[in-house]
Each structure stands twice: as C-alpha cells, then as structure tokens.
Amino acid sequence: MNAIVVTGAHGQLGRRVVSLAAERGDGTEVFAYSSADLDITDLDAVAAVVSAGVTVINCAAYTAVDAAETDEARALAVNADGPRNLARACGRVGARMIHVSTDYVFDGTATEPYEVDAKTAPQSAYGRTKLAGELAVFEELPEAVVVRTAWVYDNTGKNFVTTMRRLEGERETISVVSDQIGSPTFALDLASGLLEIEADPAVIGRTLHLTNAGQASWFEFARAVFTHIGADAERVRPCSSADYVAAAPRPAYSVLSSAAWVDAGLSPARPWSDALTAALTQSG
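Residues numbered from 1 in each chain as written. Predicted model: local features only at pLDDT ≥ 70, side-chain atom pairs only at ≥ 80, totals over all residues. Heavy atoms only, no water.

**Regarding the environment of isoleucine 204**
Now for step 1: When you line up the elements, isoleucine 204 lands in the loop between α6 (187-198) and β10 (206-209).
Now for step 2: For the pair isoleucine 204 and cysteine 90, spaced 114 residues apart in sequence, the C-alpha to C-alpha distance is 13 Å.
Now for step 3: If we skip the residues at most four places from it in the chain, isoleucine 204 touches Arg96, Glu143, Ala144 and Val145. (Helix = DSSP H or I, 4+ residues; strand = E, 2+ residues; numbered from the N terminus. Contact = heavy atoms within 4.5 Å.)

**Looking at the packing of helix α5 (residues 160-170) against helix α7 (residues 218-228)**
Now for step 1: Two numbers describe how α5 lies on α7: the axes approach to 10 Å, and their chain directions differ by 60 degrees. Here α7 runs oblique to α5, going by the angle between their axes. Where α5 crosses over α7, the handedness of that crossing is right-handed. In this structure, α5 uses Phe160, Val161, Met164, Arg165 and Glu168 to contact α7, whose residues at the interface are Trp218, Phe221, Ala222, Val225 and Phe226. (Axes fitted to C-alpha atoms, helices over the stretch in contact; angles between N-to-C directions. Parallel < 35°, antiparallel > 145°, perpendicular 65-115°, else oblique. Left-handed = near helix turned anticlockwise from the far one by under 90°.)

**Some details on the pattern of salt bridges**
Now for step 1: Throughout the structure, instances matching the rule amount to 13 salt bridges.
Now for step 2: Where arginine 84 meets glutamate 139, a salt bridge forms, and the shortest distance between an N and an O atom there is 3.3 Å. Here arginine 84 is found in helix α3 (residues 72-93), whereas its partner glutamate 139 is found in helix α4 (residues 125-140), with 55 residues between them in sequence.
Now for step 3: Among the ionic pairs, glutamate 140 bridges to arginine 88, the shortest N-O distance being 2.7 Å. Residue glutamate 140 is located in helix α4, and its partner arginine 88 is located in helix α3; the two are separated by 52 residues in the primary sequence.
Now for step 4: When its relative accessible area of 30% is taken as the criterion, arginine 88 is described as partly exposed. (Salt bridge = Lys/Arg side-chain N within 4 Å of Asp/Glu carboxyl O. Buried < 20%, exposed > 50% of the residue type's maximum accessible area, 1.4 Å probe, protein only.)

**Points about α5**
Now for step 1: Buried within α5 are the following residues: Phe160, Val161, Thr162, Met164 and Leu167.
Now for step 2: Here the buried face of α5 lies against β6 (152-153), β7 (174-177), α7 and α9 (272-281).
Now for step 3: For α5, the side-chain oxygen to backbone nitrogen distance between the N-cap and valine 161 is 3.1 Å, and the N-cap itself is asparagine 159. (Polar contact = N/O pair within 3.5 Å; in protein donor to acceptor, adjacent residues only side chain to side chain.)

**What about the packing of aromatic side chains?**
Now for step 1: Applying the stated criterion across every chain yields a total of 10 aromatic pairs.
Now for step 2: Seen from their ring centres, tyrosine 104 and tyrosine 126 are 5.2 Å apart, and the 80 degrees between their planes marks the pair as edge-to-face. On the criterion of sequence distance, the pair formed by tyrosine 104 in the loop between β4 (96-102) and α4 and tyrosine 126 in helix α4 is long-range, its members being 22 residues apart.
Now for step 3: For tyrosine 104, a relative accessible area of 14% puts it in the buried group.
Now for step 4: According to the relative accessible area criterion, tyrosine 126 is buried, its value standing at 8%. (Phe/Tyr/Trp six-rings, centres within 6.5 Å; stacked < 30°, edge-to-face > 60°.)

**What about the nonpolar core?**
Now for step 1: If you look at the biggest cluster of nonpolar residues, it comprises 62 residues, and the most contacted ones within it are Val17, Met164, Leu194, Ile197, Leu208, Phe221 and Leu276.
Now for step 2: The element best represented in this core is α7, accounting for seven residues.
Now for step 3: Each residue touching leucine 276, except ones within four places of it in the same chain, is listed here: Tyr153, Val161, Phe221, Ala224, Val225 and His228.
Now for step 4: Membership of the second largest hydrophobic core comes to 21 residues, among which are Tyr33, Ala89, Ala95 and Met97. (Core = buried A, V, L, I, M, F, W, Y, C linked by side-chain atoms within 4.5 Å.)

**So, the pairing of strand β3 (residues 55-58)**
Look at any regular strand and the pattern is simple: side chains alternate between the two faces of the sheet.
Now for step 1: Of the two faces of β3, the one lined by Thr55 and Ile57 and the one lined by Val56 and Asn58 are each fully buried.
Now for step 2: As defined by bridge partners, strand β1 (residues 3-7) adjoins β3 across four bridges and the pair is classed as parallel. Pairing of valine 6 across the sheet is with isoleucine 57, part of β3.
Now for step 3: Sheet topology note: the β3/β4 ladder contains four bridges and is parallel. (Pairing = 2+ DSSP bridges.)

Read these as spatial facts, not as claims about activity.
Have a look at this one:
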C-alpha cells in the first residue's frame, strides 16, 4: 500500500494535495501534518513520521516574503533546515521526497522563461532561504525531486485571487502593478502535478518547474479575476512597482519554463486563464 506524508497540510497547496490524494481511491494512506502537528525544524520529530516506502511531499514553508527581510533566521530554519531534516530522514529509511520551491530563487531580470538549470540569484531573504532549502535537500537526498512554482492561489484562504474578490466589493477602483510578469498557478493544478510525480517512481533526482501555462502581469491577472466574477475590469488600474512599497524586492519576470516537466513525461498544466475559470466556479 502506498503512503504519503504531507507537510504544511493546512496551507492552500497542502490542503489540495491531501484532498486529491484521498479522492484517488487507490488505497493510498495519507498522513497530513500542519505546522502545529509537526515542527520540521526538529529532526527527531521528523524522523518519527517518516518510514520506509512513503513519499514525503513538503508543502511547508515560511512564505511571508516581506517579513523574512527582518526574520531571515526563522525563514532559514523553516525553508532550509526543515527540508534538510525531511530529506535526511527520507535517506535513512529509503523514502522518496518531493520538495516545493519558488521562482524567487531567480533574479527576475530574464526576458524568456527560466529553464531549470538557469543561474540562480535570489534578491530577497525569502529567495535566499528557499534556494538554501533546494541545495540542502539534494545534499541529503540526491534522488529527491524539487518542484519550483510561482504565483500560487486558491479560491479560499488568503491569496491574490481572494484578495481581489474582497477588494472588488470594498473599493470603487484598485491599483495593481503592471510591470511584474509571471504565471498564475491554481493550487489544485499544482497539487495534481505533485501527485503525478508521486505516482511515477521513475521521476527522481531532478529539478522541475510547474505553473499553469502562459503569462500575465499582476494587473492583467486582477482584471481577469474581475471579468470572471462579472465585475467591471476597468475598475482595476495599472501602477508600477515603484508605486508599491514593499520590504522585499519582487521579481520583475517570474515565468518558468515547463520544458523539463514535459521531458520527464509529465502532463502539462492547462492555461492559467482556464485554471482561473475553474477556480472561480468551484465552491471550495
């Protein structure tokens, strides 16, 4: 019988992984751990929940990008030490590991999609700690799979899409940056991709990129949300990154190439606009 250990199980991605795995109906046993259930920075605690034959899907992360600028030690503990512990525990007992990373490991200055072997050059504390996590995972477990993604959202919880829906009802107009480009990614589609890797034992020892297909600015993404919910998209106004004050720099360009994903024989994700439509027509 297959078994999956999901860390960060109460986050928007972790919840989707847990629910999709349970829905498969193939007898897979799913062990879901939130940060309250399992402190991944504690090696002994991690070792106690990782056993031979399981696949660990690490969705746990310190994702407060701005807060990490002044709390880098804590971000490093969760984003690097934690994944190292998981990888070490997996290596000791022969378990598999799939680790989720981010576009923030790049500098955001590219003009074409980043390939998996593109030079990394994180510009923020968050990015530095996530890159450290990737390196730690492969150091402990060369057979692991690291999946970078970007602009993840869901139709519940706190994320860009739910924020836009809330602001649509609160403000006459809203301003959204138009000079940051990426690929909006529905948590459901990302979770599906992670489970496709879990189901394929031949996918090991590599870095992959997974986002929904295509690209948009945050401004275009916001207007798409308004359009999908029947609101006037003209109420969304463009602004520049210079108008948006934040502690951590945001990548100007975050599009990730899916070439390695396709080369691994995995299913390409649908276009981001189609995924957004699906997200906004689901009840949860």
